[in-house]
Amino acid sequence: MRLASNIGLLTCGLMLLYAPWSPAGTIRVDLAVEQGPMNHRANGYLVSIEPTDPPMELILPLKPTSFRGNAGYVLNNYDRLKQAGVTEFQLTLGLVFEHRALQIFDINQIGLDDNYEPWLTHVDHVIDQVLQRQLSVIWDLYNEPDLAAVPLNDNERLKEGWRLAYQRIKQRIPGAQIVGPSVSRYRLLKPFLEWSDSKGVFPDVVAYHEYADPSEAIRYVNELRDYLKAHGLARPISVNEILGQESWTSAGYTAGVIAAYERADILSAMRSCWPDPQDMSRSYVENTCDNPTLDGLLYVDRKQKRPGWHVYKTYAEMEGVRLYTMTDSPKLHALAALEKTAGRVRLLLGKYEDYSPDDTHVVLQNIGRLLSSQQSGTVHLCAEQIPDVGSGPLEAPVVTLDRALAVEHDELSFTLPQFYHSDAYRVVLSLSEPCRVSH
């Protein structure tokens with residue numbers, strides 16, 4: 001039955017894509033096709049927080065679900081992030097540099113002169129702290145080990161360091177979860193998985209980083225799922241760094257990536273941090289990894305919001321069940337949620353490098369499900385543009401549509417104004433609510 005349903009949906013998608021009557025830039029949402037609950041799996045963050053900054057009023061509206069950082073960041077911010085709603089903590093033990101204050105071990109030093117004791121001493125020290133405080137973490141052994149002086153897949157010392165740390169953690173904390181290998185690109189993943197499977201040290205959560213076009217994200221996840229299934233290795237998947245350096249400030253790109261990973265239904269996805277072209281606070285371009293800006297969602301003053309902050313807030317507000325969406329362009333992305341009890345549909349839309357001059361149309365099918373099974377009625381539409389202003393601040397989205405729409409033949413459609421090539425949009429359809437500008 002599932003196969004038949006998928007074939008039907010694929011056929012409908014092809015019909016829409018190639019139908020001569022279909023206008024360019026069309027987003028379709030079907031309220032009759034539910035695809036499971038909204039899980040906010042893409043609402044994760046990476047290191048860019050401090051024990052007192054940014055203030056909680058800038059964190060709580062985003063409803064973070066996961067966080068990844070080295071031991072110093074996790075131990076220093078665990079309680080605060082737990083209060084903000086984070087339930088998944090990935091604690092990273094080794095990077096390609098050393099920072100003793102943050103308890104970072106340089107993985108290039110693992111196994112030098114066949115001596116693995118300094119590495120295991122570091123592992124034991126972090127385990128001691130986690131056990132003492134009774135914290136719940138997933139153990140991320142390495143960050144981007146493919147960028148070591150000798151890359152992971154060609155580095156026997158790193159492989160042995162993984163094996164030893166894996167066994168030490170499992171020995172000292174029965175039931176501990178290991179995540180990895182957290183390589184910098186999906187294409188580097190499988191050789192390590194083959195090796196770790198052969199040695200009996202396969203990660204409990206398979207993780208990699210990916211920064212490409214959002215249209216590629218789900219393909220990679222599905223390919224990895226097929227690979228794991230073929231090897232009898234069912235595992236959760238975490239893309240524990242997302243959003244690339246060239247586009248991380250783009251509202252439309254951010255919305256597209258979030259939509260893709262929520263639809264992919266993985267365990268988690270964490271926002272990356274990159275050099276900030278606006279931040280010269282230390283006489284050079286500072287990395288958002290090193291300041292409390294929520295990985296650059298906040299402006300360099302640590303107070304003003306950037307477009308991405310509003311995109312993540314829109315995502316955080318999407319509750320209920322995820323609806324089937326389809327677009328006629330790989331540069332146009334959509335996520336939709338139906339809140340049945342509240343009688344509300346929320347949409348998060350984004351464009352990525354879409355330079356088409358055509359209008360963007362939204363079509364909602366089976367809209368009667370929002371009207372308590374009525375086939376006609378009125379729905380209130382509130383549409384807000386989240387413009388791409390580059391790395392500058394954006395106080396609030398721009399209301400472009402605030403009106404009541406009549407429902408005819410169980411369908412509703414409208415055109416979004418000012419939806420440019422890298423913008424995002426937040427749309428709310430409800431039975432009576434007027435626009436309330438999001439801050």
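All of these numbers come straight from a predicted model, not from anything done at the bench.

1. Things to note about the pairing of strand 1 (residues 26-37)
Here five bridges tie strand 1 to strand 14 (residues 360-365), and the two strands are oriented parallel to one another. Looking at strand 14, one finds that Arg-28 is bridged to Val-363. Pairing of strand 1 with strand 11 (residues 321-327) involves six bridges; the strand directions are antiparallel. In the sheet register, Asp-30 faces strand 11, and the bridge partner there is Tyr-324.

2. Let's talk about unusual backbone geometry
Peptide bonds are, in most cases, trans, and in most cases residues other than glycine have a negative phi. Residue Pro-54 is bonded to the preceding Asp-53 through a cis peptide linkage, with omega at -10°. Structurally, the position occupied by Pro-54 is in the loop between strand 2 (44-46) and helix 2 (56-59). At the junction of Gly-180 and Pro-181, the peptide bond is cis and its omega measures out at 5° in the coordinates. If you trace the backbone, Pro-181 turns up in strand 7 (residues 178-183).

3. Here we look at empty space enclosed by the protein
Where empty space is left in the structure can be found by rolling a water-sized probe over the atoms. Within this structure, the stated rule accounts for two cavities of 30 Å³ or more. Put simply, the largest cavity is a space of about 80 Å³. What lines the largest cavity is simply Tyr-45, Ser-48, Ile-49, Ile-59, Leu-62, Pro-64, Ser-66, Phe-67, Leu-81, Val-86 and Leu-294. The class makeup of the residues in the lining of the largest cavity is nine nonpolar, two polar and no charged.

4. Focus: the packing of helix 8 (residues 251-264) against helix 9 (residues 307-317)
Between helix 8 and helix 9, the shortest axis-to-axis distance is 9 Å and the interhelical angle comes to 30°. Compared by their axis directions, helix 8 and helix 9 come out roughly parallel. The element helix 8 and its partner helix 9 pack so that their crossing is right-handed. On helix 9, the residues that touch Ala-251, Thr-254, Ala-255, Ile-258 and Glu-262 of helix 8 are Pro-307, Val-311, Tyr-312 and Tyr-315.

5. Brief notes about the domain arrangement of the chain
Interface size is commonly expressed as the accessible area that is lost once the parts come together. Here the chain is described as being made up of domain 1 (26-37 + 320-430) and domain 2 (44-317). Computed over C-alpha atoms, the centres of domain 1 and domain 2 are 32 Å apart. Taken together, the contact pairs 32 residues of domain 1 with 27 residues of domain 2. Buried area between domain 1 and domain 2, both sides added, is near 2300 Å², and the carbon and sulfur share of it is 58%.

6. A few points about the packing of aromatic side chains
Within this structure, the stated rule accounts for twelve aromatic pairs. Relative to Tyr-425, the ring of Phe-419 has its centre 5.0 Å away and its plane inclined at 65°; by these criteria the two rings are edge-to-face. In this structure an aromatic cluster arises from ring pairing among Phe-105, Trp-119, Tyr-142, Trp-162, Phe-192 and Trp-195. In this structure, Lys-305 is placed above the aromatic ring of Trp-309, and the distance from its NZ or CZ to the ring centre is 4.5 Å. In this structure, Lys-351 is placed above the aromatic ring of Phe-419, and the distance from its NZ or CZ to the ring centre is 4.6 Å.

7. Remarks on the confidence of the model for the chain
Residues at a pLDDT of 70 or more form 92% of the chain, whose mean pLDDT is 91. Confidence drops under a pLDDT of 50 for residues 1-23, and excluding neighbours within four residues, the segment shows twelve contacts in the predicted structure.

8. Quick look at the side chain of Glu-210
Turning to its location among the elements, Glu-210 is positioned in strand 8 (residues 205-210). Despite its burial, Glu-210 pairs with no opposite charge, the nearest such side chain being Arg-185 at 4.9 Å. Among the polar contacts listed, one links the side chain of Glu-210 to the backbone nitrogen of Tyr-186, at a separation of 3.0 Å. Contact partners of Glu-210, with chain neighbours within four places excluded, come to Arg-185, Tyr-186, Tyr-220, Val-239, Glu-241, Ile-242, Leu-243 and Tyr-261.

9. Quick word on the environment of Ser-391
Within the fold, Ser-391 resides in the loop between strand 15 (377-386) and strand 16 (398-407). Using a relative accessible area of 13% as the deciding quantity, one classes Ser-391 as buried. Separated by 165 residues in sequence, Ser-391 and Asp-226 have C-alpha atoms that sit 38 Å apart. Ignoring any residue separated from it by four or fewer positions in sequence, one finds Ser-391 in contact with Thr-249, Pro-277, Gln-278, Tyr-299 and Arg-306. Engagement of the side chain of Ser-391 in a polar contact is seen with the side chain of Gln-278, the distance being 3.0 Å.

10. Quick word on the nonpolar core
Counting 99 residues, the largest nonpolar core has Trp-139, Leu-141, Tyr-208, Leu-224 and Tyr-261 as its most contacted members. Per element, the largest residue contribution to this core is nine residues, and it comes from helix 8. When we break this core down by domain, the ones giving at least three residues each are domain 1 (26-37 + 320-430) and domain 2 (44-317). Those residues in contact with Tyr-261, other than ones at most four positions away along the chain, are Ala-42, Glu-210, Ala-217, Val-221, Val-239, Ile-242, Ile-266 and Ala-269. Core analysis: the second largest hydrophobic core is formed by 30 residues, Val-321, Ile-367, Val-379 and Leu-412 among them.

Reading the values: the criteria
- Residues numbered from 1 in each chain as written.
- Predicted model: local features only at pLDDT ≥ 70, side-chain atom pairs only at ≥ 80, totals over all residues.
- Heavy atoms only, no water.
- Pairing = 2+ DSSP bridges.
- Helix = DSSP H or I, 4+ residues; strand = E, 2+ residues; numbered from the N terminus.
- 1 Å grid on protein atoms, 1.4 Å probe; cavity = no way out; pocket = protein on both sides within 12 Å on 5 of 7 lines; lining within 4 Å.
- Points joined across faces, edges and corners; volume = space filled by probe spheres on them.
- Nonpolar A, V, L, I, M, F, W, Y, C, P; charged D, E, K, R; others polar.
- Axes fitted to C-alpha atoms, helices over the stretch in contact; angles between N-to-C directions.
- Parallel < 35°, antiparallel > 145°, perpendicular 65-115°, else oblique.
- Left-handed = near helix turned anticlockwise from the far one by under 90°.
- Contact = heavy atoms within 4.5 Å.
- Domains from an automatic or database assignment.
- Buried area = accessible area lost by both parts, 1.4 Å probe.
- Phe/Tyr/Trp six-rings, centres within 6.5 Å; stacked < 30°, edge-to-face > 60°.
- Lys NZ or Arg CZ within 6 Å of the ring centre and 35° of its normal.
- pLDDT = per-residue confidence, 0-100.
- Buried < 20%, exposed > 50% of the residue type's maximum accessible area, 1.4 Å probe, protein only.
- Lys, Arg positive; Asp, Glu negative; His and termini not counted.
- Salt bridge = Lys/Arg side-chain N within 4 Å of Asp/Glu carboxyl O.
- Polar contact = N/O pair within 3.5 Å; in protein donor to acceptor, adjacent residues only side chain to side chain.
- Core = buried A, V, L, I, M, F, W, Y, C linked by side-chain atoms within 4.5 Å.

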